[in-house]
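Working through the structure, step by step
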Amino acid sequence: MAEPPLLVDRRAGYRMITLNRPARLNAFDEAMHRALAEAIGECETDPSCRAVLFTGAGRGFSAGQDLTAQVAQPDGQQDVGAALDAYYNPLVRRLRALPFPTVAAVNGVAAGAGANLALACDIVIAARSASFIQAFARIGLVPDCGGTWFLPRLVGAARARGLTLLAEPLPAEKAEAWGLIWKVVDDAELMREAERLCAHFAQAPTVGLALTKRALDAAETNDLSAQLDLERDLQRQAGLSPDFAEGVRAFLEKRPAVFSGRGSR
Ligand code: T3D
């Protein structure tokens, strides 16, 4: 029987989703897209899901779009934008809207859409041997999956231009030094560290974290005054959560807090 393109592991309080086409460096085909959309839908509707961890099977994270699907098309007859409308753009929007932290454990090369889907996650950790490639320029395409939005914000205009126009691999250690990702760990430590982070998030005050994500997203376009108003509104909402009450009680009682993650997020 054929291997499924995606492996979904239900852990205590979080999901681990593994891109699973290792022979093609986990390049995206339609079956993988469909499976991923379904897996994310389950995370969206499961109140016990408080974090998601993405990683890749084998030696790569993901090489982006499966290019073998492209060769059959004659010149000038390819609507590449249609794939973005159908799959990648909804995926990035849904990832960014998840009301809990998303973690990418980049275990090897992350190229094209594979790189930018990792960057769409809240926390990106990478194995020391991993690399990030804005591979689009190598095949005459434009960076997608939010790459042109994420990169200048994360690493600044000059580095964003270099990365996208030259399409050279950026080693994980340099990605960390440039602020593209949260941190690099030794290859053997990657999954242990990623799972530790997700286990932490699975016991964290999820409502507060969801609202923090919303505030940071809005800060990309708000002026300071609008952002102050938004912080007030979100703080009001966080203040009504059971986890705020528990956090304060635990502090005063000098004990670790036990957060349920419940409440409107
Ligand atoms: O529909 C649309 O097109 C819109 C969406 C576009 C979004 C995009 O992601 S466009 C960018 C697509 N991705 C790329 O251009 C990257 C292509 N891959 C590479 O440049 C290299 O594979 C890597 C630099 C990522 C890694 O190089 P290396 O030397 O470590 O591995 P390799 O030998 O090139 O690849 C290993 C195998 O995976 C190989 O198969 P084989 O020869 O062993 O049978 C290779 O063909 C396959 N593979 C790698 N990337 C892809 C792929 N097969 C299909 N599609 C791929 N993207």
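How each quantity is defined
- Residues numbered from 1 in each chain as written.
- Predicted model: local features only at pLDDT ≥ 70, side-chain atom pairs only at ≥ 80, totals over all residues.
- Heavy atoms only, no water.
- Pairing = 2+ DSSP bridges.
- Helix = DSSP H or I, 4+ residues; strand = E, 2+ residues; numbered from the N terminus.
- Near = heavy atom within 4 Å.
- Polar contact = N/O pair within 3.5 Å; in protein donor to acceptor, adjacent residues only side chain to side chain.
- Areas by Shrake-Rupley, 256 points an atom, 1.4 Å probe, with all protein chains shown as cover.
- Nonpolar A, V, L, I, M, F, W, Y, C, P; charged D, E, K, R; others polar.
- Contact = heavy atoms within 4.5 Å.
- 1 Å grid on protein atoms, 1.4 Å probe; cavity = no way out; pocket = protein on both sides within 12 Å on 5 of 7 lines; lining within 4 Å.
- Points joined across faces, edges and corners; volume = space filled by probe spheres on them.
- pLDDT = per-residue confidence, 0-100.
- Expected span 1.5 Å × (residues − 1).
- Core = buried A, V, L, I, M, F, W, Y, C linked by side-chain atoms within 4.5 Å.
- Buried < 20%, exposed > 50% of the residue type's maximum accessible area, 1.4 Å probe, protein only.

This brings us to the pairing of strand 1 (residues 6-11). Two strands pair when backbone bridges link them, and strand 1 and strand 2 (residues 14-19) are joined in this way by 6 bridges, in the antiparallel orientation. The residue of strand 2 that forms the bridge with R11 is Y14. Taking the residues between adjacent antiparallel strands as the criterion, strand 1 and strand 2 are bridged by 2 residues, where G13 takes a positive phi near 85°.

As a further point, take the site of the ligand. Residues in contact with the ligand amount to 24 residues; listed here are only the nearest, A63, Q65, L67, Q70 and A113. At a separation of 2.9 Å, an oxygen atom of the ligand approaches a polar side-chain atom of R59. A63 places a polar main-chain atom, nitrogen or oxygen, 2.9 Å from a nitrogen atom of the ligand. Coverage of the ligand by the protein amounts to 66% of the 1,000 Å² it exposes when considered alone. Put simply, the parts of the chain that give the shell around the ligand at least two residues each are helix 2 (80-97) and strand 6 (109-111). Looking at the shell around the ligand element by element, the count peaks at 3 residues for helix 2. Tallied by class, the residues present in the shell around the ligand amount to 15 nonpolar, 4 polar and 5 charged.

Relative to the helices and strands, P169 resides in the loop between helix 5 (157-166) and strand 9 (170-171). As for P169 and S131, which are separated by 38 residues in sequence, their C-alpha atoms are 5.9 Å apart. Not counting residues within four places of it along the chain, the set of residues in contact with P169 comprises S131, F132, I133 and R138.

Once that is clear, we can look at empty space enclosed by the protein. This model, assessed by the stated rule, comprises 2 cavities of 30 Å³ or more. Around the largest cavity, the lining comprises 13 residues; the ones closest to its centre are L19, F28, L36, F54 and L117. Of all elements in the fold, only helix 1 (30-45), strand 4 (60-62), helix 2 and helix 3 (113-119) reach the threshold of two or more residues within the lining of the largest cavity. When residues in the lining of the largest cavity are grouped by element, the largest group, 3 residues, is from helix 3. Of the voids in this model, the second largest cavity is the one considered here, and its volume is about 40 Å³.

Further remarks concern the confidence of the model for the chain. Scored by pLDDT, the chain has a mean of 96; 98% of the residues are at 70 or more. Across the chain, the element-wise mean pLDDT spans from 96 in helix 2 up to 99 in strand 5 (residues 102-106).

Glancing now at helix 7 (residues 190-201). Its 12 residues place the ends of helix 7 17 Å apart at the C-alpha level, agreeing with the 16 Å of an ideal helix rising 1.5 Å per residue. Packing partners of the buried residues in helix 7 comprise strand 2, strand 3 (52-56), strand 5, strand 7 (123-127), strand 10 (183-185) and helix 8 (206-219).

Glancing now at the nonpolar core. Counting residues in hydrophobic clusters, the biggest one holds 47 residues, and the most contacted among them are V106, F132, L180 and I181. When neighbours within four sequence positions are excluded, L180 is seen to be in contact with L119, F132, L151, L154, V155, L170 and A175. M16, A127, A194 and A202 belong to the second-largest nonpolar core, a separate cluster that totals 16 residues.

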